[in-house]
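Structural overview for review
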Amino acid sequence: MSDHPSDPNPPKKTRLRIRSREQSARKSHDRKGENGKRSTSETPGRTFGERLELGSQCLLGTAVLLSPWYFGSVSAFAQLLISGLLAVCLLVWIFRQFRGSGNNLRFHIVTLLILAFLGIGALQLVQLPDGLEESVASRQQEIRDRVASQLGDQHPLLAGGETQSSTIALNQPAAKYQWSYFVLVVLAYFLSVRFFKRRSDLLLLATAVAFNGALISVFGIFQKVADADSIYGVPLKFGGAPFSSFVNRNNAAGFLLMCLGCGIAVLVYSYSNLRSRESSESKASLEGDKVLNALMKEIRMLVANLDVWRITLLLVCGLMVAGIALSLSRGGSIALLVSVVFLILFLFRQNRIRSLVLVSLFFVPLTLGAFVWASFQGDVVGRLETLAEDDLLSTENRVQLWKDSLNAVGDYPVLGSGVGSYPYVYKEYQTFRDGSWYFHAENVYLEILVTLGVAGLVCLVGVAVYWWVSAISLSQKKGSSRKPNPKTAAIGLLAIFALVSQAVANFFDFGLLIPANGVLFAVLMGGMVGVLGRQERTESERRPSAFFKLPVFFKWPLVVLLLIGIGNAVYVFWQVQRTEVANQTARSNDPGQFSLEQIEERISQIQAVVDTGVPNLESFEYLAALYVIRFQHELAAYRLENLPAGQPRPEKEFLFDFSSIRILNFQFARLTREMRDRELESIRKLPFFKKNIPAATRCYERALSTCPLSVRSVVGLAELFRLNGVSCTPYLEAFGGYNVQRASWFQRMGDVAVADGRLDAAISLWKSAMSIDSSIYQVVIPTARQFCSDQKVCSELLIDSPAVLVEIADRFYPDPGEFREQIFQRVIGVLGKKAFTDPESNYLMGKARMEVGEVDQAIKNFETATLLAPSRLGWRYELGLLYRAVGDVDSAIKAFRKCVNGDPENKKYRGALERLTAELDSLMP
């Protein structure tokens, strides 16, 4: 019944066994290998090799425990440190292999799937032969060819070999960085198989991980009280919802789930070795007649043995549950619920009564209590209630992102689009407003399917199935009369909990794609596989699974591959962290807010990385923007120094804004062709032109060569078309070939089009911008009125949004006239096409009807609007004005009086009431 067989009260007398000398020597060797202890007959102390083994375990454990504390190790610098620690462990492994230690280590054949996964990532980085390129990278080549054909005439670099690259990866630097991370995780897995194959070592690591998770939860709880927008008091410019040391609360919840699994496993193990003092007659199965007695016996045993250590473990688990709840991660909460339920069902199925009672009696109430307590500390209940919203599937951006990303699978079915390319690939299929930039798919399975194709996902699923089978074999009974070793069973439960929790959590998140989570998960799975392999080797009978083991000599090619991979990864992390530091330093603010001195400093920082390091796409894009801003600064200073004598000196800020590329393009558009050519020629002769505009152009070209999906670079090149003396037509065509959902890019391309005299194209682009983000009308409408007639603006540019139309009319056409009336007729036409009962639509319809002279209908709409929204005093004030206009003085006074009662300090309301009352009094006889 219990996790360990009960012993009868009178202990049996130990039988004396006589072993041969060979058996004794073999037993001593096995005991030394299994338990990590030297025989008492040998010289005390550790050998040099054993100290190396212990040091490797400490280094690997340090990497696991420290990884979450540096922003979840999302930075390249943190990954460089982790890879350095793991590289040292790998060198120890190689040294021990040369010394002949561990020759019996064998890997399951499923290891080849892990190497195949890395092989797919490596294949994405190399030039493909023509035949293979057509079958697995046709879409990538199509994108590159389109950019080369559209922009190659004006930018030869884009028509050259870099753009015609026949690699799978659409963003080479990002692919190298992401692949290096996968190498890091795989190395952590194999090192754990090698160095944490002893059960006691893995359980010791699990204990440390559990306490580490509790400490992270404590920091997260304090962060909720102190400042939710910073980590360690440092304000964050990225990671919109940080928690503790993580820049993303969902990643934190996924990490805490694994730590919680470690805590449960250690707690279960702490009770496994307890012996029952009751009679052996209580050993009834779940189907027997003495189930209740057996349960009560286990409950009494659990309660009676609640010592300080076990209470501490329960407190640690409770803190982690509270941390998961306070992270406000809906996916983490769902994963916790599913994992606990599955664990209970699994223990019930395996007749693990003591563990089942332990989880049900202690952990489940503890989890509920932690969630209830957390609900009083934050908006936990409100966050979870969003899962029950009827329109969740249509309004949640994450769900929309999944739908759109699935459409990309058909274009990259076999080997994907290249690891690290997801932030740009998904935009080609995006259907929702581009309010945020998603660097991951918020679903690991979907992102792997897009970036590594079906082949990559199959490899991962195969490995996960192997881990699942291994965990089950460790946790379940080996036979009717044998129970698993308590340590082995606890490790199996840990692996099961980690697998279930991560399988669910990563359906809603990308936690395993960040180092803190990925390395911990790899180490836990590797340790579990190592323990299983060691257990199989010690069994006397030959297991059928031995047929699926790779030969012993396979370790050598594996170690060589890992050494090559981690060496390359260390180099990539070293180069990327230089780029990362330069980018973060330079991006301390919007480049438009920098002084010229700050611009110079930031250009030198990023240019140094571009010249000597491995720049990424963002480096080229940002460096180009800095060159353009520096040109703007220097042009403004030049104009200020060369003002004609006697002319008033304008403010420097005014000249700076007046010297932007956008304003320059507008200025050129108003000049005749001869004057424009003369003005452009004079600007191109300026010394600061030659060191800025050509440099910015080259950076944008190199950005497009790095990733042909860089829409920002196309927009940047388009804005420089006048200064570069080229046509803007190719840029407009190239921009039209992308799926763009960002309003600012449409607005900027509309500015380029109107500066080239293409009014129809500009109207179309501006209209698209306002359709995505209606608030951008504040920039678009004034620009359009400078180049287009009001008739064209009102008839062709305006979008069918009643609220926006009313705002445009009040702001840009405040005086009664043809265009104001035309706009309000448009409002009536839009609202008249649909039935509405909401207050705002009634108000807008009433306002429009009032403007066109339909006063009676307007009053009805205003009355409905104020009835549905009585707190909108401004609407009621306008209703009072309407009453007064039609002569209904009593109703007007009532309306104004309600406004005054609602806002007694408002002078406008009080003045209207006093004037109307005085007017009424003057009419009294």
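Refer to the structure printed above.
For clarity, every value in this text was computed on a predicted model and none was experimentally measured.

A word on the packing of aromatic side chains. Counted by the stated rule, this structure contains 32 aromatic pairs. Relative to Tyr 426, the ring of Tyr 422 lies with its centre 5.3 Å away and its plane at 20°, an arrangement referred to as stacked. Of the residues examined, Tyr 422 reaches a relative accessible area of 1% and is grouped as buried. Judged by its relative accessible area of 1%, Tyr 426 falls in the buried class. The structure contains a cluster of three or more aromatic residues connected by ring pairs, namely Trp 93, Phe 107, Tyr 189, Phe 190, Trp 467 and Phe 521. One Lys or Arg, Arg 146, reaches over the ring of Tyr 738 and ends 4.7 Å from the middle of that ring. One residue, Arg 310, lies across the ring of Tyr 271, its end atom 4.5 Å from the ring centre.

With that out of the way, let us pick up the pattern of salt bridges. Scanning all chains against the criterion turns up 23 salt bridges. A salt bridge links Asp 760 to Lys 792, with the shortest nitrogen-to-oxygen separation between them at 3.3 Å. Taken together, the positions of Asp 760 in helix H34 (residues 759-772) and Lys 792 in helix H36 (residues 790-797) put the pair 32 residues apart, joining distant regions of the chain. Owing to a relative accessible area of 55%, Asp 760 belongs among the exposed residues under this scheme. For the salt bridge of Glu 854 with Arg 849, the shortest nitrogen-to-oxygen distance reads 3.6 Å.

Once that is clear, we can look at helix H39 (residues 839-851). The terminal C-alpha atoms of H39, which comprises 13 residues, lie 18 Å apart, in line with the 18 Å expected from a rise of 1.5 Å per residue. Check the buried side of H39 and you find it contacts helix H37 (802-812), helix H38 (818-831), helix H40 (855-868) and helix H41 (873-885). Gly 853 sits one or two positions beyond H39 and adopts a positive phi of about 95°.

Time to look at the nonpolar core. Membership of the largest hydrophobic core comes to 277 residues, with the highest contact counts inside it found for Trp 93, Tyr 189, Trp 467, Met 525, Phe 631, Leu 723 and Phe 735. Contacts of Trp 93, omitting those with residues within four sequence positions, involve Leu 105, Phe 107, Phe 190, Leu 191, Arg 194, Phe 195, Leu 558, Val 559 and Leu 562.

On to the environment of Glu 133. Note on placement: Glu 133 falls in helix H5 (residues 130-136). Spatially, the C-alpha atom of Glu 133 lies 8.0 Å from that of Ile 168, the residues being 35 residues apart in sequence. Discounting chain neighbours no more than four positions away, the residues touching Glu 133 are Leu 128, Ser 138, Gln 141 and Ser 166.

In a pair of packed helices, the angle between the axes and the distance between the axes together describe the arrangement. Two elements in contact, helix H19 (residues 444-475) and helix H20 (residues 486-505), have axes whose closest approach is 9 Å; the angle formed by their N-to-C orientations is 155°. One finds that H19 runs roughly antiparallel with respect to H20. Judged by the sense of rotation from one axis to the other, the crossing of H19 with H20 is left-handed. Two secondary-structure elements touch here, H19 through Tyr 445, Trp 467, Trp 468, Ala 471, Ile 472, Leu 474 and Ser 475 and H20 through Thr 488, Ala 489, Ile 491, Gly 492, Leu 493, Ala 495, Ile 496, Leu 499, Val 500, Gln 502 and Ala 503.

So, on to H41. The end-to-end C-alpha distance of H41 is 18 Å, a good match for the 18 Å that 13 residues give at a rise of 1.5 Å each. Those residues of H41 lying buried are Leu 873, Trp 875, Arg 876, Tyr 877, Glu 878, Leu 879, Gly 880, Leu 882 and Tyr 883. In the segment just after H41, Gly 887 is the residue with positive phi, at about 90°.

Together, Tyr 70, Phe 77 and Leu 81 give the surface a local cluster of nonpolar side chains, amounting to about 280 Å² of exposed area. Locating Tyr 70 in the fold gives a position in the loop between helix H2 (48-66) and helix H3 (76-98). Among the residues examined, Tyr 70 registers a relative accessible area of 38% and is labelled partly exposed.

Below, the discussion takes up the side chain of Lys 427. Relative to the helices and strands, Lys 427 is located in the loop between helix H18 (422-425) and H19. Filtering out sequence-adjacent residues up to four positions away, Lys 427 remains in contact with Asp 434, Trp 437, Asn 739 and Arg 742.

Quick look at the packing of H3 against helix H8 (residues 172-195) now. Packing of H3 against H8 leaves a shortest axis separation of 10 Å and a crossing angle of 40°. Taken as axis vectors, H3 and H8 run oblique relative to one another. Both H3 and H8 take part in a crossing whose hand is left-handed. For the pair formed by H3 and H8, the contact residues are Ala 76, Gln 79, Ile 82, Ser 83, Leu 86, Ala 87, Cys 89, Leu 90, Val 92, Trp 93 and Arg 96 on the first element and Tyr 177, Tyr 181, Leu 184, Leu 187, Ala 188, Phe 190, Leu 191, Arg 194 and Phe 195 on the second.

Relative to the assigned elements, His 108 resides in the loop between H3 and helix H4 (111-123). With relative accessibility at 19%, the residue His 108 sits in the buried group. Setting aside residues no more than four positions away along its own chain, His 108 makes contact with Tyr 466, Phe 548, Lys 549 and Leu 550.

With that settled, consider the environment of Val 268. Relative to the elements of secondary structure, Val 268 occurs in helix H10 (residues 249-272). Taking the relative accessible area as the measure of exposure, Val 268 reaches 3% and is therefore buried. Between the C-alpha atoms of Val 268 and Leu 356, which are 88 residues apart in sequence, the distance is 9.5 Å.

One non-glycine residue, Ser 73, lies in positive phi territory at about 60°. Mapped onto the secondary structure, Ser 73 falls in the loop between H2 and H3. Using a relative accessible area of 2% as the deciding quantity, one classes Ser 73 as buried. Notably, Leu 328 is not glycine yet its phi reads approximately 60°, a positive angle. The topology assignment puts Leu 328 in the loop between helix H12 (308-326) and helix H13 (330-349).

Scoring rules and cut-offs
- Residues numbered from 1 in each chain as written.
- Predicted model: local features only at pLDDT ≥ 70, side-chain atom pairs only at ≥ 80, totals over all residues.
- Heavy atoms only, no water.
- Phe/Tyr/Trp six-rings, centres within 6.5 Å; stacked < 30°, edge-to-face > 60°.
- Buried < 20%, exposed > 50% of the residue type's maximum accessible area, 1.4 Å probe, protein only.
- Lys NZ or Arg CZ within 6 Å of the ring centre and 35° of its normal.
- Salt bridge = Lys/Arg side-chain N within 4 Å of Asp/Glu carboxyl O.
- Helix = DSSP H or I, 4+ residues; strand = E, 2+ residues; numbered from the N terminus.
- Expected span 1.5 Å × (residues − 1).
- Contact = heavy atoms within 4.5 Å.
- Core = buried A, V, L, I, M, F, W, Y, C linked by side-chain atoms within 4.5 Å.
- Axes fitted to C-alpha atoms, helices over the stretch in contact; angles between N-to-C directions.
- Parallel < 35°, antiparallel > 145°, perpendicular 65-115°, else oblique.
- Left-handed = near helix turned anticlockwise from the far one by under 90°.
- Patch = residues over 30% accessible without salt bridge, like charges linked within 9 Å, V, L, I, M, F, W, Y side chains within 5 Å.
- Areas by Shrake-Rupley, 256 points an atom, 1.4 Å probe, with all protein chains shown as cover.

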